[in-house]
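The lines below spell out each chain.
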Amino acid sequence: MPHMPIIRPFAFALLVVLQYPPPAVDVPHRTVPQWVAPYRDATGRLTGEALSSDAAWQRLAYLGDTFGHRLSGSPNLEAAIRWAVEEMKRDGLENVHTEPVKVPHWVRGRESLEILGPIPQPLVMLGLGNSVGTPPAGVEAELLVVRSFEQLDAARDQVKGRIVLFNVPFTNYGETVRFRAMGPSRAGVLGAVAVLVRAVGPAGLRTPHTGALSYVDGQPQIPAAAVSAEDAARLQRIVDRGTTVRLQLKMEAKFLPDADSANVVGEIRGRELPQEVVVIGGHFDSWDVGTGSTDDGGGCIATWEALRLMKKLNLRPRRTVRVVLWTNEENGGRGGQAYRDQHLAELSNHVMMMESDGGVFAPTGFGFTGTEAGRAKVRDIATLLAGIHADNIGPSGGGADIGPSIQHGGMAAMSLEVEGNYFLIHHTPADTVDKIDPLDIARSSAAIAVMTYVVADMPERIR
Ligand SMILES: [Zn+2]
């Protein structure tokens, strides 16, 4: 697939310039506030260095090409972790080390889904992460299609012994993902033998999306898989015509004993207040079907790149900047929990935490959660990023890996915000580096580097 169409801010600006007479709107003219002005020089150097090479993209490409996917428990992930440690040392980062984390070890195995009747045909599918498998011969059953939990409950007398398909079109991730997460237990408790969910993502090219399910404790655990939007719609139409559909699902999925993994940490120690820390990062694990380049290799490389840029330009901020590549976000969240537990005593000295886990497409700015005073400061800093169109500060920031520490420590939380078609390739075999524009990851890295550098260096601590 070629690069996805992204409306580029500079293309939009060009349109505005070419329009005559000029449009009757106020173009906000944002001047850089006085306290931020001394950071113009560092901004120019960080941005110039980032945009003058494709180093971030090349590193991301190497990561995906060499190690492939990075599912928790896989040798791929552990090899990638060892590589990241060595590369961070080569970059000259300080205090580079790993912090051990025990992670769940789920393996997909072979899997298939087939229409047995009215006419036999295999369907593309992906088992859901953390699903149980089927018996070796698979499960065969009649299909029941529902469009909501309400329809499932209304059809409760027909669920027993059936394979239930949740055919819920994608609206947004938060709204639609609950059918993937909770659907298997909701149908399992009513006696279903397996669950299918319409892929949680916009309609692609008959692409199923994997992702974790979440069984309710003490209830029956039934196997579950995703089907593409196209196949979900087709199955719905066949059933709506009054035709009985029989399916066979085979999955070898299972858990092995918990495995050893680690968070990767690297730093630039602060020149005046090294005990105060600004943490940035992404999650280094991925699903097992693509190469995890967008989710979340890009977030890892772009945040790491921010430190590499500072180091290369000899910009050492007042406070410590720390990059963390968390493990096991996708099917356990153990890396983020372990970070909180291993840094409990230090969390009160965490000034701000930022996660990039929404892709490294064209950056538009950052989400921010914190005090109003903190928001005002961050908005001031963002004026430095107007030149790369990454100066917007959104209403909320955070991330799955920084969440446990933020909840405990109450520090400011930020996340990189981008414009791009993240959910089209999210958790699919199409999550590969070719979907990412080298200029976009360079600008994402620059935006993160400038924001992080100023937050770590500003005279007054952000709250
Ligand atoms: Zn992610």
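Definitions and cut-offs
Residues numbered from 1 in each chain as written. Predicted model: local features only at pLDDT ≥ 70, side-chain atom pairs only at ≥ 80, totals over all residues. Heavy atoms only, no water. Pairing = 2+ DSSP bridges. Helix = DSSP H or I, 4+ residues; strand = E, 2+ residues; numbered from the N terminus. Axes fitted to C-alpha atoms, helices over the stretch in contact; angles between N-to-C directions. Contact = heavy atoms within 4.5 Å. Donors = N, O, S within 2.8 Å, 3.2 Å for Na, K, Ca; no water. Tetrahedral: all angles 85-135°; square planar, octahedral: opposite > 155°, others 65-115°. Buried < 20%, exposed > 50% of the residue type's maximum accessible area, 1.4 Å probe, protein only. Polar contact = N/O pair within 3.5 Å; in protein donor to acceptor, adjacent residues only side chain to side chain. Phe/Tyr/Trp six-rings, centres within 6.5 Å; stacked < 30°, edge-to-face > 60°.

## With respect to the sheet that holds strand β11 (residues 273–283)
Step number 1: Strand order in this open sheet of eight strands is β1-β10-β12-β11-β13-β16-β14-β15, and the pairing throughout is mixed. Both outer strands of the open sheet, β1 (94–107) and β15 (392–394), are each paired with one neighbouring strand and no more. Direction aside, the axes of adjacent strands within the sheet are offset by 25° on average.
Step number 2: Where strand β10 (residues 254–268) lies against strand β12 (residues 319–326), five bridges are found, and the strand directions are antiparallel. Bridge pairing in β12 places Gly266 opposite Val323.
Step number 3: Contacts between helix α4 (residues 75–91) and the sheet are confined to β1, β10 and β12, with β10 contributing the most and set at about 10° to the helix.
Step number 4: Running at roughly 150° to β11, helix α8 (residues 293–312) makes contact with β1, β10, β11 and β12 of the sheet.

## Some points on the coordination of the zinc ion
Step number 1: Only His283 (NE2), Asp295 (OD), Asp357 (OD) and Asp357 (OD) from the protein coordinate the zinc ion, and they sit 1.9 to 2.6 Å from it.
Step number 2: Taken together, the four donor atoms coordinating the zinc ion and their angles of 53 to 148° define a geometry best described as irregular.
Step number 3: Read in sequence order, the donor residues coordinating the zinc ion give the pattern H-x11-D-x61-D. A residue pair is termed long-range when its members are at least 10 positions apart, and Asp295 in helix α8 and Asp357 in the loop between β13 (350–355) and β14 (362–369) qualify at 62 residues.

## Some remarks on the side chain of Ser293
Step number 1: When you line up the elements, Ser293 lands in helix α8.
Step number 2: Its relative accessible area of 1% is what places Ser293 among the buried residues.
Step number 3: Of note is the side chain of Ser293, whose polar atom sits 2.8 Å from the side chain of Thr291.
Step number 4: If near-sequence neighbours (up to four positions away) are discounted, Ser293 is found in contact with Leu60, Gly298, Asp431, Thr432, Val433 and Ile436.

## Regarding the packing of aromatic side chains
Step number 1: Summed over all chains, the structure comprises 13 aromatic pairs.
Step number 2: Geometrically, the ring pair formed by Phe166 and Phe179 is tilted, given 6.0 Å between the ring centres and 45° between the ring planes. Taken together, the residues Phe166 in strand β6 (residues 163–166) and Phe179 in helix α6 (residues 173–188) connect sequence positions 13 residues apart. Accessibility assignment for this pair places Phe166 and Phe179 in one class, buried.
Step number 3: Considering the side-chain rings of Tyr422 and Phe423, the 4.9 Å spacing of their centres and the 75° angle between planes classify their relative orientation as edge-to-face.
Step number 4: For Tyr422, a relative accessible area of 9% puts it in the buried group.
Step number 5: Phe423 sits in the partly exposed class, given a relative accessible area of 25%.

## Looking at the environment of Ile448
Step number 1: Along the chain, the position of Ile448 falls in helix α13 (residues 438–457).
Step number 2: Residue classification places Ile448 among the buried residues on the basis of a relative accessible area of 0%.
Step number 3: Once the C-alpha coordinates of Ile448 and Ala187 are considered, the two residues, 261 residues apart in sequence, prove to be 43 Å apart.
Step number 4: Beyond its immediate chain neighbours, meaning those up to four positions away, Ile448 contacts Ile280, Ala302, Thr303, Ala306, Met354, Phe366 and Leu416.

## Considerations on the environment of Val177
Step number 1: Within the secondary structure layout, Val177 lies in helix α6.
Step number 2: A relative accessible area of 15% means that Val177 is categorised as buried.
Step number 3: Considered as a pair, Val177 and Glu272 are 95 residues apart in the sequence and their alpha carbons are 45 Å apart.

Function cannot be inferred from these measures alone, as they are strictly geometric.
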